[in-house]
Amino acid sequence: MITLGIDTTADDTCAAIVGNGKHVLSNIIFSQSSLHGKFGGIVPQIASYEHLHNVIPCVDAALRESGIDISNIDLFSVGLSPDPALSYYFISLSVAKVFSLVYKKPLVGIDHMEGHIMANFAENLDIKFPFVALTVAGGHTLLSYVSGLGEYQILGHSRDDAAGEAFDKVARLLKLGYPGGPVIDKAADKGNDESYDFPSPMIFDSSFDFSYSGLKTSVVRKVRELENNYPNGLPEDIVNNLAASFRKAAIRVLVEKLFRAVKYKNCNSVVLGGGVAANKLLRELVVDRGKEESTATYFPTVKLCTDNAVGTAIAGYYKFLKCGGDDPLTLKHYREKPLTNWFTSA
Ligand code: KG4
Ligand code: ZN
């Protein structure tokens, strides 16, 4: 079964073609980072215009790269957003509905966060349920227990800024560029992470929730204080030290709660997804901790951590096999909460 996945629920226009839920035949991403960069985050009006402009060329590129004609697509899978609706979310949804109706093939809607989890299955066919999933992106930080395909129990989420958003805001403050994660990673590798003692908020809290606004505020305060001594801009070594100390504080709490959740659910594997899962320190610490605690650890390669429609297509394939298609005339964005169980999502 050949699935075409399409997603416009964040700032990349994504289309991918996947055979039988595992063979990636194409993975096309039209990035908008350079356009949103100067604003330090996604600007909805720009995202809408760019997605509208790019969605058909992106699908066309995915078809060309795979060598598949659209009439041979068996299933259309579209990314849905768990957030209150923004106009650009509807671009892939509308396009996928039209394809489904015109080519008379089924359509399935897949939560964007679910796509991030399922992208792992493109590269790791040996992942076994149950597992604890940490989905860390620009808009969401979610810890969940996944007992089977489409069976989610949310354990915790960010009460304020998402982890990726904190990376983006700190990178902007340090004038490092956008998106924040990769540039902070690069600067942090050259810095000393013990230079500044930033808090890892809620690390000792018994819940599985996260909070990033306090950490961000501490970094802002420290930067303002240092700027008094360096009116012409912070020297590179200080920026690197700030980036390293921030990265350590931000990542430490993710690793701590992830492995606490593993113990709580008495399970032995973890799956990471979303842009922040590309973080070098997070990957190192999770692998080390997994070895110490005999827990299998799975991450997508960096290209499949950040936005892509490969995970959308894989999840769509399994959802269709398990639950059948959604109605192309009525399929909507969930708008309530992320990672809705497949059998209760109607
Ligand atoms: O999943 P994603 O591409 O889009 C959303 O669903 O939001 O995640 C984007 C986020 C951005 O905030 C970006 O700064 C962050 O992922 N990110 C990283 C890294 N690469 C991307 N965060 C930390 N370290 C990275 N290496
Ligand atoms: Zn994403």
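Our subject is the structure listed above.
None of the values given here were measured: they were computed from a predicted structure.

Peer 1: An account of a nonpolar patch on the surface is needed here, citing residue identities and associated values.
Peer 2: A contiguous nonpolar patch, built from Val-98, Val-102 and Tyr-103 and spanning about 260 Å² of accessible area, is present on the exposed surface. One can find Val-98 in helix 3 (residues 89–103).

Peer 1: Which residues make up the coordination of the zinc ion (ligand 2), and what values do they have?
Peer 2: Around the zinc ion (ligand 2), the protein supplies His-112 (NE2), His-116 (NE2) and Asp-307 (OD) as donor atoms, at distances of 2.0 to 2.1 Å. Donor residues binding the zinc ion (ligand 2) come from one chain and are separated in sequence as H-x3-H-x190-D. Taken together, the positions of His-112 and His-116, both in helix 4 (residues 112–118) and four residues apart, correspond to about one turn of that helix. His-116 shares its class with His-112; the two are buried.

Peer 1: Got a sec to walk through the site of ligand 1? Specific residues and values, please.
Peer 2: The environment of ligand 1 is made up of 20 residues, and the closest members are His-116, Gly-138, Asp-168, Gly-181 and Asn-279. At a separation of 2.7 Å, an oxygen atom of ligand 1 approaches a polar side-chain atom of Asp-168. In the model, a nitrogen atom of ligand 1 is placed 3.1 Å from a nitrogen or oxygen of the Asp-185 side chain. For ligand 1, whose free accessible area comes to 550 Å², the fraction covered by protein is 91%. Secondary-structure elements contributing two or more residues to the shell around ligand 1 are helix 4, helix 5 (163–173) and helix 6 (180–189). The leading source of residues in the shell around ligand 1 is helix 6, at four residues.

Peer 1: Quick rundown of the side chain of Asn-54? Include the residues and the values.
Peer 2: Inspection of the secondary structure puts Asn-54 in helix 2 (residues 44–66). In contact with Asn-54, not counting residues within four places along its chain, are Thr-13 and Phe-30.

Peer 1: How would you sum up helix 11 (residues 310–323)? Please name residues and give values.
Peer 2: Along its 14 residues, helix 11 runs 20 Å from first to last C-alpha, staying within 8% of the 20 Å computed at 1.5 Å per residue. Restricting attention to buried positions, one finds in helix 11 the residues Val-310, Gly-311, Thr-312, Ala-313, Ile-314, Ala-315, Gly-316, Tyr-317 and Lys-319. Looking one or two residues beyond helix 11, the residue adopting positive phi is Gly-324, at roughly 80 degrees.

Peer 1: Requested: an account of unusual backbone geometry, with residues and values cited.
Peer 2: Leave glycine aside and you will find that most residues have negative phi; peptide bonds, for their part, are mostly trans. A cis amide bond, omega -5 degrees, links Phe-129 with the succeeding residue Pro-130. You can see Pro-130 is positioned in the loop between helix 4 and strand 6 (131–136). In the segment running from Tyr-178 into Pro-179, the intervening peptide bond is cis, with an omega of -5 degrees. Counting through the fold element by element, Pro-179 comes out in the loop between helix 5 and helix 6. We note that Met-202 has phi near 70 degrees; this positive angle belongs to a residue other than glycine. With respect to the helices, strands and loops of the structure, Met-202 is situated in the loop between helix 6 and helix 7 (213–229).

Peer 1: Hey, could you go over the sheet that holds strand 7 (residues 141–148) for me, with residue numbers and the actual values?
Peer 2: Ordered in space as 8-7-6-9-10, the five strands form an open sheet in which the pairing is mixed. Looking along the sheet, the strands with just one partner apiece sit at the ends: strand 8 (151–157) and strand 10 (296–298). Going across the sheet, the axis of each strand differs from the next one's by a mean of 20 degrees, ignoring polarity. Taken together, the six bridges between strand 6 and strand 7 define a ladder with antiparallel strand orientation. Residue pairing for strand 7: Ala-133 is matched across the bridge by Ser-144.

Peer 1: Any chance you could break down the packing of helix 5 against helix 7 for me, citing the residues and the numbers?
Peer 2: It is the contact of helix 5 with helix 7, at a shortest axis distance of 10 Å, that shows an interaxial angle of 5 degrees. In terms of their interaxial angle, helix 5 and helix 7 are classed as roughly parallel. Contacts between helix 5 and helix 7 involve Lys-169, Val-170 and Leu-173 from the former and Lys-216, Val-219, Val-220, Val-223 and Arg-224 from the latter. Taken together, the residues of the contact of helix 5 with helix 7 sort by class into five nonpolar, no polar and three charged.

Peer 1: Could you give an account of the packing of aromatic side chains, naming the residues involved and the relevant values?
Peer 2: Here the structure, examined in full by the defined rule, presents nine aromatic pairs. Plain terms: the ring middles of Phe-167 and Phe-246 are 5.0 Å apart, the flat faces sit at 70 degrees to each other, and that makes the pair edge-to-face. Of the two residues, Phe-167 sits in helix 5 while Phe-246 sits in helix 8 (residues 236–264), which places them 79 residues apart along the sequence. Accessibility classification places Phe-167 together with Phe-246 in one group, the buried group.

Peer 1: Break down helix 9 (residues 280–292) for me, citing the residues and quoting the values.
Peer 2: Because the α-helix completes a turn every 3.6 residues, residues three or four places apart line up on one side. Its 13 residues give helix 9 an end-to-end C-alpha distance of 19 Å, which sits within 8% of 18 Å, the value for a rise of 1.5 Å per residue. Along helix 9, the residues that are buried comprise Leu-281, Leu-282, Arg-283, Val-286, Arg-289 and Gly-290. As for helix 9, its buried residues are in contact with strand 6, helix 6, helix 8, strand 9 (269–273), strand 10 and helix 10 (302–305). N-cap assignment for helix 9: the residue whose side-chain oxygen lies 3.1 Å from the backbone N of Leu-281 is Asn-279. Positive phi appears at Ser-294, one or two residues downstream of helix 9, with a value of about 50 degrees.

Criteria and thresholds
- Residues numbered from 1 in each chain as written.
- Chains lettered and ligands numbered in written order.
- Predicted model: local features only at pLDDT ≥ 70, side-chain atom pairs only at ≥ 80, totals over all residues.
- Heavy atoms only, no water.
- Patch = residues over 30% accessible without salt bridge, like charges linked within 9 Å, V, L, I, M, F, W, Y side chains within 5 Å.
- Areas by Shrake-Rupley, 256 points an atom, 1.4 Å probe, with all protein chains shown as cover.
- Salt bridge = Lys/Arg side-chain N within 4 Å of Asp/Glu carboxyl O.
- Helix = DSSP H or I, 4+ residues; strand = E, 2+ residues; numbered from the N terminus.
- Donors = N, O, S within 2.8 Å, 3.2 Å for Na, K, Ca; no water.
- Buried < 20%, exposed > 50% of the residue type's maximum accessible area, 1.4 Å probe, protein only.
- Near = heavy atom within 4 Å.
- Polar contact = N/O pair within 3.5 Å; in protein donor to acceptor, adjacent residues only side chain to side chain.
- Contact = heavy atoms within 4.5 Å.
- Expected span 1.5 Å × (residues − 1).
- Pairing = 2+ DSSP bridges.
- Axes fitted to C-alpha atoms, helices over the stretch in contact; angles between N-to-C directions.
- Parallel < 35°, antiparallel > 145°, perpendicular 65-115°, else oblique.
- Nonpolar A, V, L, I, M, F, W, Y, C, P; charged D, E, K, R; others polar.
- Phe/Tyr/Trp six-rings, centres within 6.5 Å; stacked < 30°, edge-to-face > 60°.

Any link to function would need more than the numbers given here.
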